[in-house]
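# Reading the structure
This is what each chain is made of:
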Amino acid sequence: MTDLSSWVIPLLLACISLWALREKINVYEALTDGAAEGLRILLRIFPHLLALLTAIAMFRASGGLDLLTQWLRPVLEAVGIPSETAALVLLRPFSGSGGLAIGSELIATYGPDSTIGRTAAVMLGCTETTFYTIAVYFGAAGIKKLRHTIPAALVADIAGFLAAAWCVKWMF
Amino acid sequence: MSMAFVVTGLFLFSLLFGASTGKMAHVSAAALSGAASAVELCLSMVGSLCLWNGVMTVLERSSLGFYLGRALRVVLRRLFPKGGQDAETLTALSGNMSANLLGLGNAATPMGIRAATRMAAGCGGVASNELCRLVVLNTASVQLLPTTVAALRSAAGCQTPLDILPAVWLSSLISVAAGLSAAKLLERWVK
């Protein structure tokens, strides 16, 4: 598994640039344009990370995060989700940068290759900022009556969290 | 606005818990180290995040992006039988989905909004079944390469940041399937 996945990046880079070059696309320009866009993304999320990582670090140091985790532990453990990810599960649907901040905390604290670190990464990878997305789309389209959108989107989130925990347990 | 409550709540609870457990020195130190860790995190992410964004832009500009969009149309016509009849909506939908798959969120949102606006015309402000489906599809992210997460893992010193790919794909599929099924079930009950 680890052997195979170390092939992914070099193979992707070589194949994609070769394919694009064959079509006379300026690969270098596309690569640097995309990189510049990446920098803009980072600039946009940095202020959020700063605010939230500060608040979360304080909350953790005060013992509040442990308390929150303790409350949610029985529920999460019963369905097979590591209880350390409680804060991530709670915040992810509301805030993309908040979820990212908590996820990065979990990955740094427990290690990227730990079960908790991997579960947090997969959870971040398979869910979105549900409420933000709903607000943006329906706001732009002028929709006032959402009908069943929120429950359906939350079902997708919950299924994603459960599947993330189960997949990590099963695959690693 | 909701984040204002989250942050204020966190600050307030930290103060109260810190006072009650006598850990105020820790809380105070954590405020500064937390801010510093945000800078560290961004610096250690910037390399891989920009690299992946660059690679995905190459993909988008090559014919691979075009093929992806064409393959998606088959699926999209089934998911959006009404909206899919309009050629321009279908183009916006397939652009939205392929940008989502490539992880280019900035490109996905404007195209998704375009599709949503066209589909909402004549709805009278009430979300149609297809509109709900579009939003559910967009709230359950399906990505070929979860680049931000990969960047996070590399930043934490991971040698194989993409070894979670199969797990992310499978969980995303389960999440989307659950969301779409829930929408299908609920649309009969919620008028």
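See the structure printed just above.
Residues numbered from 1 in each chain as written. Chains lettered and ligands numbered in written order. Predicted model: local features only at pLDDT ≥ 70, side-chain atom pairs only at ≥ 80, totals over all residues.

## So, the overall build of chain A
Along the backbone of chain A there are 8 helices and 0 strands. Along its sequence from the N terminus, chain A presents helices and strands in the succession α-α-α-α-α-α-α-α. Based on the C-alpha atoms only, the size of chain A along its principal axes is roughly 60 × 50 × 30 Å. Considering chain A as a whole, with its 172 residues, one finds that 49% of them fall into the buried category. Considering only intrachain contacts with a sequence separation of at least 6, the fraction spanning at least 24 residues in chain A is 59%. (Helix = DSSP H or I, 4+ residues; strand = E, 2+ residues; numbered from the N terminus. Buried ≥ 20, exposed ≤ 12 C-beta atoms within 10 Å, placed from the backbone. Contact = placed C-beta atoms within 7 Å.)

## Here we look at the interface of chain B and chain A
Taken together, the contacts link 86 residues of chain B with 87 residues of chain A. Considering every element that reaches the side of chain B that touches chain A, the biggest residue donor is helix α2 (residues 24–61) of chain B, with 24 residues. Residues belonging to the side of chain B that touches chain A are distributed by class as follows: 53 nonpolar, 28 polar and 5 charged. (Nonpolar A, V, L, I, M, F, W, Y, C, P; charged D, E, K, R; others polar.)

## A few points about helix α3 (residues 63–79) of chain B
Residues and elements named next belong to chain B. Between its terminal C-alpha atoms α3 stretches 24 Å, which fits the 24 Å expected from 17 residues at 1.5 Å a residue. The largest bend along α3 measures about 30 degrees and falls at R73. Of the residues making up α3, those classed as buried are G65, G69, L72 and L76. Buried-residue contacts for α3 involve α2 and α4 (87–101). (Expected span 1.5 Å × (residues − 1). Bend = angle between axes of the 7 residues up to and from the residue.)

## Structural notes on unusual backbone geometry
Residues and elements named next belong to chain A. Phi is positive for K24, close to 60 degrees, though the residue is something other than glycine. As for its placement among the helices and strands, K24 is situated in the loop between α1 (2–22) and α2 (27–61). The exposure class assigned to K24 is exposed, which follows from the 7 C-beta atoms found within 10 Å. Of note in this structure, R147 is not a glycine but carries a positive phi near 50 degrees. Along the chain, the position of R147 falls in the loop between α7 (130–141) and α8 (149–171). Among the residues examined, R147 registers 20 C-beta atoms within 10 Å and is labelled buried.

## Quick word on the nonpolar core
Residues L49(A), I56(A), V122(A), A156(A), A164(A), L131(B) and V136(B) are the most contacted members of the largest nonpolar core, which totals 107 residues. Counting residues per element, this core draws most heavily on α2(A), which supplies 15 residues. Not counting the four nearest positions on each side in its chain, A164(A) is found in contact with T119(A), V122(A), M123(A), C126(A) and S171(B). (Core = buried A, V, L, I, M, F, W, Y, C linked by C-beta atoms within 7 Å.)

Everything listed here is a matter of coordinates, which is why it stays silent on function.
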